[in-house]
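What follows is the residue order along each chain.
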Amino acid sequence: MLNKHFIFLLLSILPVTYSLAQVSVVTISGIVKNKADKSAISYANIVVKNEKDSAFVTGTVTSEEGRFAIENIKPGNYLLAVSFTGFEAREQPLFVGSLSAFLDIPVIELDEKSTVLEGVTVTAKISDISGKLDKKTYSVADNISQGGGSVLQSMQNLPGITMQDGKVQLRGNDKVTILIDGKQTALTGFGSQTGLDNIPASAIDKIEIINNPSSKYDANGNAGIINIIMRKNRQNGFNGKVGFSAGLGSLWVRKENLPTIRQQYTFTPKINPSLLLNYRKDKVNIFLQADNLYTHTLNKNEFVTRSYDDGGVINSQLKRNRNTNFLTTKAGVDWNIDQQSTLTVSGMYGSEKIIDRGDQPFFNGDITHRLRLWQFLEDELKTTVMATAAYQHKFKEAGHLLNIGFNYTFHREDEQYFYDNYLPSSTGTDAFKLLSDEQVYDFNIDYIRPLKYGRVETGIKLRDRRIPTDMNFIPGENSVLDTDAGGWATYKELIPALYGNYVFENEKWEAELGLRLEYVKIRYNVNPGHSTYKSDGYSYTQPFPNLRVAYKLNDNNKLSVFYNRRVDRPNEVDIRIFPKYDDAEIIKVGNPALRPQFTNSIELGYKNTWNNGYFYSALYHRFANGTITRISSIVPGSTLIYAIFQNAGKSYNAGIEAILNQKVSDVYSFNINGNMYRNQINAFTVKNLYPEPNSFSAEKQTAISGNLKLNNTFRFAKGWDAQLAAVYLAPDIIPQGKILSRFSIDAGLKKSVQKGKGEIFFNATDLLNTMVIRRQVRGMGFSYTSDDYYETQVIRLGYSYKL
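None of the values given here were measured: they were computed from a predicted structure.

Participant: Hey, could you go over the overall build of the protein chain for me, with residue numbers and the actual values?
Facilitator: If you tally the helices and strands in the protein chain, you get 3 helices and 48 strands. Since a compact globule built from 803 residues should have a radius of gyration of about 28 Å, the 29 Å found for the protein chain is in line with a globular shape. For the protein chain, the spread of C-alpha atoms along the principal axes amounts to about 110 × 60 × 50 Å. Out of the 803 residues belonging to the protein chain, those deemed buried represent 55%. Partitioning the contacts of the protein chain with sequence separation of at least 6, the portion at a separation of at least 24 is 69%. For the protein chain, the accessible area works out to roughly 33100 Å², and carbon and sulfur atoms hold 57% of it. Across the protein chain, 91 positive and 81 negative side-chain charges occur, with their mean positions spaced 2 Å apart.

This is the structure we're talking about:
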């Protein structure tokens with residue numbers, strides 16, 4: 001029955017506005033000189049005409065210095081006509097590509113002549129060819145079904161993206177680098193991703209997915225990059241936008257609690273006010289953005305049956321009621337020093353308050369006898385402060401740029417945990433406190449020079465990052481905490497990098513060749529009294545090349561080939577030595593001996609476009625060495641499971657992605673995205689040191705998985721828009737096991753009001769309450785199955801108004 005419902009519901013689904021990375025309009029620039037004495041010719045006429053009918057397309061005159069710039073030229077083949085009184089007019093072919101927003105034309109020299117000649121005509125054939133096929137861009141405002149939620153929620157319907165354990169996956173891989181406005185930040189993690197479920201989507205303008213990053217980006221993130229672009233206005237005068245949305249989640253109980261525990265959250269509130277203000281006058285632009293997301297959530301509701309090799313069976317439930325308040329504020333000033341120079345100074349403040357109240361009862365196999373009850377309170381406050389200064393110099397040639405930037409980040413994690421352990425004969429309370437102050441200094445210089453057939457990019461970057469952490473354990477009666485594993489540790493990271501990137505384009509061929517050279521020095525200093533781990537670190541100097549070659553079959557068809565080499569460095573939390581409860585019987589511990597994972601990837605992409613749609617497909621293959629994964633095992637004489645990060649050896653990810661987008665009429669359009677891939681982790685053996693040395697071996701693990709997202713949209717009269725989305729996720733492998741299939745449907749409706757200045761929306765996620773995460777895991781000495789009925793169904797109502 002589910003398959004029948006799935007097929008029916010996939011016939012009416014939500015679209016997401018999708019565009020592959022390309023430039024729709026280009027600015028061309030150049031200089032006109034006297035051929036005889038090389039002096040500049042002021043006020044010369046520059047004209048672009050159409051090839052077929054000689055119709056005027058656009059034009060301008062040169063400045064006193066002989067320079068010109070013409071904006072909004074569509075990619076295509078043109079001729080450029082240049083004329084001035086007393087000189088011979090000149091024509092020359094002009095190819096305008098789609099890979100660069102700026103095109104610098106070599107010096108145009110005119111011969112002197114006593115008579116005046118007419119201007120010359122030029123060829124023009126506008127191309128509908130797509131861009132590099134390396135980037136996809138989505139507007140958050142168009143994703144009606146997820147409005148009013150978090151950034152993580154707004155991504156889950158996007159092509160190629162899936163969610164697992166609160167993390168984003170690209171093509172089945174969670175090694176994704178998250179940027180905000182092109183920069184790594186503590187809000188979303190340096191290296192590993194974090195906090196996406198708490199950043200309000202109302203703060204975001206667009207989301208870019210970059211599967212094949214060029215060398216100008218940091219080398220980490222083998223699956224690719226997601227760039228979150230914050231909202232910002234630049235209109236003259238005073239303007240802005242205010243918004244407010246509210247919602248309810250967990251509308252009914254999907255599975256009743258096990259006996260003797262506190263109630264699970266229902267009818268959980270969601271409140272999201274937002275404000276965007278901007279004032280621009282003369283040379284100054286002042287901007288302010290503030291968003292607050294307050295939520296109650298049934299964050300976890302996992303029912304587990306655990307079977308041990310000795311025949312024992314334990315049933316448990318982990319229920320977590322979460323209260324979250326996330327405030328983000330960004331303010332700054334753009335100062336146009338002169339026509340060539342701009343200075344932007346901005347600051348961002350983020351405060352994330354999380355309070356978790358949870359219960360975890362343990363029963364025997366037939367749930368007739370409670371063995372243990374574990375209740376906890378987790379109180380976390382994460383504070384982030386960022387200061388940024390960015391200087392840009394525009395040379396006289398359009399697109400010829402020098403960018404210099406400095407970014408400082410301070411991020412504090414202040415966490416307190418309290419655990420009550422109720423046993424048949426005793427009660428104990430464990431507690432611990434963690435304080436971590438992260439400071440990051442980033443400095444970069446980037447230079448861009450447009451050429452006649454492309455551009456050159458180069459730059460340097462320097463990062464200095466330090467994270468001192470202190471952990472204090474307060475054990476109670478019958479505690480399993482290892483009090484000798486507390487104390488202090490300090491993480492130090494130094495990364496200087498140099499990159500160069502060359503882009504070439506003519507009428508048929510495109511090429512991009514880049515190289516990033518990074519030196520990395522990591523040092524992790526550990527409290528000498530730690531029971532297991534000692535200070536450790538590593539360093540390397542490695543090249544990270546990227547290559548793209550594309551061939552335009554015709555105006556509507558293009559083939560591209562990509563190659564990338566990237567790295568995933570262990571983040572500080574991956575090597576953090578302090579044991580931490582994941583639940584009452586699962587202890588997570590970092591591993592200072594963890595080393596980077598290096599990945600090579602190749603991809604073949606194809607795109608066919610037509611008037612009202614396109615088809616895009618990609619074949620991809622990644623192979624990684626030193627694969628980072630978390631290993632779960634038990635030690636003799638204990639029922640506790642220790643989950644520790646390890647380098648598992650070689651792994652592979654290969655698959656095919658396809659997208660079909662079609663506008664059927666002015667009312668209806670659809671988008672279908674499918675992704676099928678094969679994951680493989682080779683057999684491996686590792687040695688865990690904590691809490692005592694033990695070895696773990698695993699056989700080769702393979703699985704074929706994928707996802708299907710079929711979307712459509714309806715644009716009705718009088719400002720009404722409707723969307724409906726369905727997502728199917730196939731079974732997939734996870735460390736030591738697999739996750740079973742999942743399915744959900746989302747819907748949204750919005751209405752433009754108040755002459756287009758206001759907007760009302762209503763949406764609902766997981767309409768049928770079918771999104772349940774089911775896992776099957778086999779560890780050393782145990783196995784378990786679990787069903788997580790966490791909160792997925794939410795309804796929201798929102799309103800926004802443009803000032």
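So that's the structure; there's more coming.
Participant: Break down a nonpolar patch on the surface for me, citing the residues and quoting the values.
Facilitator: Nonpolar side chains collect at one region of the surface, where Ile404, Phe406, Tyr441, Phe443, Ile460, Leu462, Leu494, Leu498, Leu517 and Tyr519 lie side by side and expose about 810 Å² of accessible area between them. Elements with a contribution of two residues or more to the nonpolar patch: strand E23 (401-422), strand E24 (427-451), strand E25 (454-474), strand E26 (487-505) and strand E27 (509-526). One can find Tyr519 in strand E27. The class of Tyr519 is partly exposed, set by a relative accessible area of 31%.

Participant: Can you explain the side chain of Asn211? Please cite residues and give values.
Facilitator: Along the chain, Asn211 turns up in the loop between strand E15 (204-210) and strand E16 (224-230). Classification of Asn211 by relative accessible area gives buried; the value is 8%. A polar atom in the side chain of Asn211 sits 2.5 Å from the side chain of Lys136.

Participant: Account for the side chain of Asp732, with residues named and values stated.
Facilitator: Looking at the secondary structure, you find Asp732 in strand E42 (residues 732-734). The side chain of Asp732 is buried and forms no salt bridge, while Arg742, the nearest opposite charge, is found at 5.9 Å. Among the polar contacts made by the side chain of Asp732, one reaches the side chain of Tyr677 at a distance of 2.8 Å. Among residues more than four places away in sequence, those in contact with Asp732 are Tyr677, Asn679, Ser705, Gly737, Lys738 and Ile739.

Participant: Which residues make up unusual backbone geometry, and what are the values?
Facilitator: Pro691 follows Tyr690 through a cis peptide bond whose omega is -5°. Residue position: Pro691 is located in the loop between strand E38 (684-688) and strand E39 (694-698). Phi at Ser250 is positive, roughly 50°, even though this residue is not glycine.

Participant: Which residues make up the pairing of E25, and what are the values?
Facilitator: The side chains of a regular strand alternate between both faces of the sheet. Relative to E25, E24 runs antiparallel, the two sharing 19 bridges. Following the sheet pairing, Lys433 is matched in E25 by Asn472. Taken together, E24 and the strand that follows it, E25, pair antiparallel across an intervening segment of 2 residues. As paired elements, E25 and E26 share 18 bridges and run antiparallel to each other. Across the sheet, the residue bridging to Arg465 is Glu493, located in E26.

Participant: Before we move on, can you summarise the confidence of the model for the protein chain with the specific residues and values?
Facilitator: In the predicted model, the protein chain carries a mean pLDDT of 86, and 94% of its residues have values of at least 70. Counting interchain partners and residues more than four positions distant, the pLDDT-below-50 stretch residues 1-20 has 60 contacts. The low-confidence segment residues 114-131 (pLDDT under 50) makes 65 contacts with residues lying over four places distant or belonging to another chain.

Participant: Please provide a residue-by-residue account of a negative patch on the surface, values included.
Facilitator: On the surface, a cluster of negative charge is contributed by Asp37, Glu88, Asp111 and Glu112. The topology assignment puts Glu88 in the loop between strand E6 (76-83) and strand E7 (90-96).

Participant: Let's hear about the pattern of salt bridges: which residues, and what values?
Facilitator: With the rule as written, the count across this model stands at 43 salt bridges. Ionic pairing is found between Glu510 and Lys558, a salt bridge with its closest N-O pair at 2.7 Å. Within this pair, whereas Glu510 is found in strand E27, its partner Lys558 is found in strand E29 (residues 557-568), the two being separated by 48 residues in sequence. In this structure, a network of salt bridges that share partners links the residues Asp218, Asp442, Lys461, Arg463, Arg516, Glu518 and Arg569.

Participant: Break down the environment of Thr609 for me, with residues and values.
Facilitator: Here Thr609 lies in strand E32 (residues 597-610). Thr609 gets classed as buried once you look at its relative accessible area, which sits at 11%. Here the alpha-carbon distance between Thr609 and Lys558, two residues 51 residues apart in the chain, equals 9.2 Å.

Participant: Quick rundown of the packing of aromatic side chains? Include the residues and the values.
Facilitator: Within the structure shown, the criterion is met by 25 aromatic pairs. Where Trp374 meets Tyr581, the ring centres are 5.0 Å apart and the plane angle is 65°; that geometry is what we call edge-to-face. Taken as a pair, Trp374 in strand E22 (residues 370-394) and Tyr581 in strand E30 (residues 580-583) lie far apart in primary sequence, 207 residues in all. Neither residue differs from the other here; Trp374 and Tyr581 are each classed as buried. By way of ring pairs, the aromatic residues Trp374, Phe376, Tyr417, Tyr419, Phe432, Phe473 and Tyr581 are connected into one cluster. Seen from the ring of Tyr614, Lys607 lies directly overhead, with NZ or CZ sitting 4.5 Å from the centre. Across the ring face of Phe645, the terminal group of Arg630 is positioned such that the distance to the ring centre comes to 4.0 Å.

Participant: Please give an account of the environment of Ser250 that cites residues and values.
Facilitator: Note that Ser250 resides in the loop between strand E17 (237-249) and strand E18 (268-281). Once the C-alpha coordinates of Ser250 and Tyr265 are considered, the two residues, 15 residues apart in sequence, prove to be 7.0 Å apart. Of note is the side chain of Ser250, whose polar atom sits 2.9 Å from the side chain of Glu791.

Participant: Just give me the short version of the sheet that holds strand E31 (residues 586-589), but keep the residues and values in it.
Facilitator: Pairing is mixed in the open sheet, where 4 strands are placed in the order E30-E31-E35-E34. Here the strands that pair on one side only, and so sit at the sheet edges, are E30 and strand E34 (628-633). Pairs of neighbouring strands in the sheet enclose a mean axial angle of 35°, with direction left out of account. Note that E34 and strand E35 (residues 641-647) share 6 bridges and pair antiparallel. The residue of E35 that forms the bridge with Arg630 is Phe645.

Participant: If you had to explain the pairing of strand E41 (residues 720-729) to someone new, which residues and values would you point to?
Facilitator: Where burial is concerned, most of E41 is hidden: 7 out of the 10 residues are buried. By the bridge criterion, 10 bridges tie E41 to strand E44 (residues 742-753) in an arrangement that is antiparallel. When the bridges of E44 are listed, Val727 appears paired with Ser744.

Participant: Go over the environment of Ser341 with me, naming the residues and quoting the values.
Facilitator: Locating Ser341 in the fold gives a position in strand E21 (residues 341-363). For Ser341, a relative accessible area of 6% puts it in the buried group. Sequence separation of Ser341 and Gln392 is 51 residues, and the distance between their C-alpha atoms is 5.7 Å. When sequence neighbours within four positions are dropped, the list of residues in contact with Ser341 reads Trp335, Asn336, Tyr391, Gln392 and His393.

About the thresholds
Residues numbered from 1 in each chain as written. Predicted model: local features only at pLDDT ≥ 70, side-chain atom pairs only at ≥ 80, totals over all residues. Heavy atoms only, no water. Helix = DSSP H or I, 4+ residues; strand = E, 2+ residues; numbered from the N terminus. Rg over C-alpha atoms; globule rule 2.2 N^0.38 Å. Buried < 20%, exposed > 50% of the residue type's maximum accessible area, 1.4 Å probe, protein only. Contact = heavy atoms within 4.5 Å. Areas by Shrake-Rupley, 256 points an atom, 1.4 Å probe, with all protein chains shown as cover. Lys, Arg positive; Asp, Glu negative; His and termini not counted. Charge placed at Lys NZ, Arg CZ, Asp CG, Glu CD. Patch = residues over 30% accessible without salt bridge, like charges linked within 9 Å, V, L, I, M, F, W, Y side chains within 5 Å. Salt bridge = Lys/Arg side-chain N within 4 Å of Asp/Glu carboxyl O. Polar contact = N/O pair within 3.5 Å; in protein donor to acceptor, adjacent residues only side chain to side chain. Pairing = 2+ DSSP bridges. pLDDT = per-residue confidence, 0-100. Phe/Tyr/Trp six-rings, centres within 6.5 Å; stacked < 30°, edge-to-face > 60°. Lys NZ or Arg CZ within 6 Å of the ring centre and 35° of its normal. Axes fitted to C-alpha atoms, helices over the stretch in contact; angles between N-to-C directions.

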